[in-house]
Amino acid sequence: MTLDYHHLPAELPTEILTRLPVKTLLLCTSISKSWYALITSPLFITTHQLNNQNNPTSLLLLRAEYSLNKKTQCSLHYGIDTFEEFVELDLAHITKQNRFFGIAGTCNALVCLYDLNEYIVALWNPSLKRSIILPKPHAVRESSAFYHIGFGIDPISNDYKIVRLTNNYIFLDGVLELLTPLEVELFELSTSAWQNINVGEYPYVISPDNQPSLFNGVVHWAGYNQKYKVGSGFHPFIVSFDMRNDTLGVVMAPPCAQNSLDWCPRFTLFGESLSFFHRDVDHSYCLWVMKEYGMGSSWMKQFTIDLGQ
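The following paragraphs examine the structure supplied in this document. All chains use their own residue numbering, which begins from 1 and follows the written sequence. Confidence filtering applies because this is a predicted model: local features only for residues at pLDDT of at least 70, side-chain atom pairs given and counted only at 80 or more, and all residues used for totals across whole chains, interfaces and linings. Side-chain figures throughout are based on the complete set of non-hydrogen atoms in the structure, without hydrogens or water.

### Points about the sheet that holds strand β17 (residues 266-270)
- At least two DSSP bridges between two strands are required for those strands to pair. Numbering of helices and strands starts at the N terminus; helices are DSSP runs of H or I of at least 4 residues and strands are runs of E of at least 2. Overall, antiparallel pairing links the 4 strands, which are arranged β17-β18-β19-β20 in an open sheet. Either end of the sheet is taken by a strand with one partner, and the two such strands are β17 and β20 (299-305). For this sheet, the mean angle separating the axes of adjacent strands, direction not counted, is 30°.
- Here 5 bridges tie strand β18 (residues 273-279) to strand β19 (residues 285-290), and the two strands are oriented antiparallel to one another. Residue pairing across strands places phenylalanine 277 opposite leucine 287, the latter belonging to β19. Throughout, an axis means a line fitted to C-alpha atoms (over the contacting stretch in the case of helices), and angles, computed between N-to-C directions, take values from 0 to 180 degrees.

### What about the sheet that holds strand β6 (residues 120-125)?
- In spatial order, the strands read β4-β5-β6-β7; together these 4 strands make up an open sheet with antiparallel pairing. On the outer flanks of this sheet lie β4 (102-107) and β7 (130-133), each paired with one strand and no other. Pairs of neighbouring strands in the sheet enclose a mean axial angle of 20°, with direction left out of account.
- In this structure, strand β5 (residues 110-115) lies alongside β6, joined through 5 bridges in antiparallel fashion. Among the inter-strand pairings, leucine 113 is bridged to a residue of β6, identified as alanine 122.

### A closer look at the environment of leucine 38
- If you trace the backbone, leucine 38 turns up in helix α3 (residues 33-39).
- Whether a residue is buried, partly exposed or exposed follows from its accessible area with a 1.4 Å probe, protein chains only, as a fraction of its type maximum: under 20%, in between, or over 50%, in that order. Relative accessible area serves as the criterion here: at 25%, leucine 38 is assigned to the partly exposed category.
- Considering only alpha carbons, one finds leucine 38 and leucine 17, 21 residues apart in sequence, at a separation of 9.7 Å.
- Whether two residues touch is decided by their heavy atoms; if any such pair falls within 4.5 Å, the residues are in contact. If sequence neighbours within four positions are ignored, leucine 38 has contacts with Thr14, Leu17 and Phe44.

### Some words on the pattern of salt bridges
- Between Lys or Arg on one side and Asp or Glu on the other, a salt bridge is scored when a side-chain nitrogen of the former is within 4 Å of a carboxyl oxygen of the latter. Enumeration according to the criterion identifies 6 salt bridges in this entry.
- Linking aspartate 246 and lysine 161 is a salt bridge whose minimum nitrogen-to-oxygen distance equals 2.9 Å. Here the residue aspartate 246 occupies a position in the loop between β15 (237-242) and β16 (247-252), and lysine 161 occupies one in strand β9 (residues 159-172), the gap between them amounting to 85 residues. In terms of burial, aspartate 246 and lysine 161 fall into one category: buried.
- The partner of arginine 164 in a salt bridge is glutamate 185, and the shortest N-O contact between them spans 2.9 Å. Of this pair, arginine 164 sits in strand β9 while glutamate 185 sits in strand β10 (residues 175-188), placing them 21 residues apart in sequence.
- For arginine 164, a relative accessible area of 2% puts it in the buried group.
- Under the relative-accessibility criterion, glutamate 185 is labelled buried at 2%.
- One network of salt bridges, in which partners are shared, links Asp154, Lys161, Glu188 and Asp246.

### Quick notes on unusual backbone geometry
- In this structure, asparagine 158 takes a positive phi of about 60° despite not being glycine.
- Its place among the elements puts asparagine 158 in the loop between β8 (145-154) and β9.
- On the basis of relative accessibility, which here comes to 35%, the residue asparagine 158 falls in the partly exposed class.
- The backbone of aspartate 246 sits at a positive phi, close to 55°, despite the residue not being glycine.

### A look at the packing of aromatic side chains
- Centres within 6.5 Å are what make two rings of Phe, Tyr or Trp a pair, Trp counting through its six-membered ring; a difference in plane orientation under 30 degrees is then read as stacked, over 60 as edge-to-face, and the rest as tilted. All chains considered together, the criterion is met by 5 aromatic pairs.
- Look at phenylalanine 151 and tyrosine 160: their rings are 6.1 Å apart centre to centre, the planes differ by 15°, and that puts the pair in the stacked class. Taken as a pair, phenylalanine 151 and tyrosine 160 share a single burial class, namely buried.
- A centroid spacing of 5.4 Å and a plane angle of 50° characterise the contact between phenylalanine 215 and tyrosine 293, whose relative ring orientation is tilted. With a gap of 78 residues between them, phenylalanine 215 in strand β13 (residues 213-215) and tyrosine 293 in the loop between β19 and β20 connect regions that are remote in the sequence.
- Judged by relative accessible area, which is 15%, phenylalanine 215 ranks as buried.

And the structure:
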């Protein structure tokens, strides 16, 4: 008996597909070209995520560096108990050299990877086992420059964006000296091109070796003002870039950040809130949560972990 679904309403197959788990969707992409085009479209990916918000899949993204052969390995794992490996990214498709790759962030099941030494920025879709390399940015690397990559989606246009910030500064006698103004470049997936963003005189810099955090369409990095002096403590500022209007901003960090023993404090997400994880002066680890986004006075300590001396 042959099943004929053509008499069904046109939107019904799409409605069913958006409620299937990712593993099943991956199999469905091989049924026909039309289903492949549908399932890989940005609108479908966004709809699938919204339909599965109440039943999220537990995922673990692992990044391992091997210093012996200077190679990075990225793999995605499923399941809350076993976290069995689902797929590993073959970095040979991105570069012929064994390189150290960093993870700029994840958004709607897409992973943004980068190699700043070679100006390589790539997007990886683990579910579809596909990756693309973005065109190279315009800015040329300087020996004293620090580059930072942020990845997210504009919640208004549903367009994926990658922002690249270039800080060029040195320390002279323990005092930060800015060599050139902050440069900001933005890549939009819809246009597949980089553009320069004029930010004027922005008085903050991003601390090195900083992992960005995406929250509500805004990317965040730990940073400090240009009057920073070595030994004066971490100045409590969070550098932010809003994907909705392509603007830089600043968010106040919790007051404890001033006494943090970490050179690069970590801002991340805890539930549905921006959070700050750091090592305090008594060597305990603390997690602070911003209860009301943008309000510096709303920071509250959530946990303290004392590992002993």
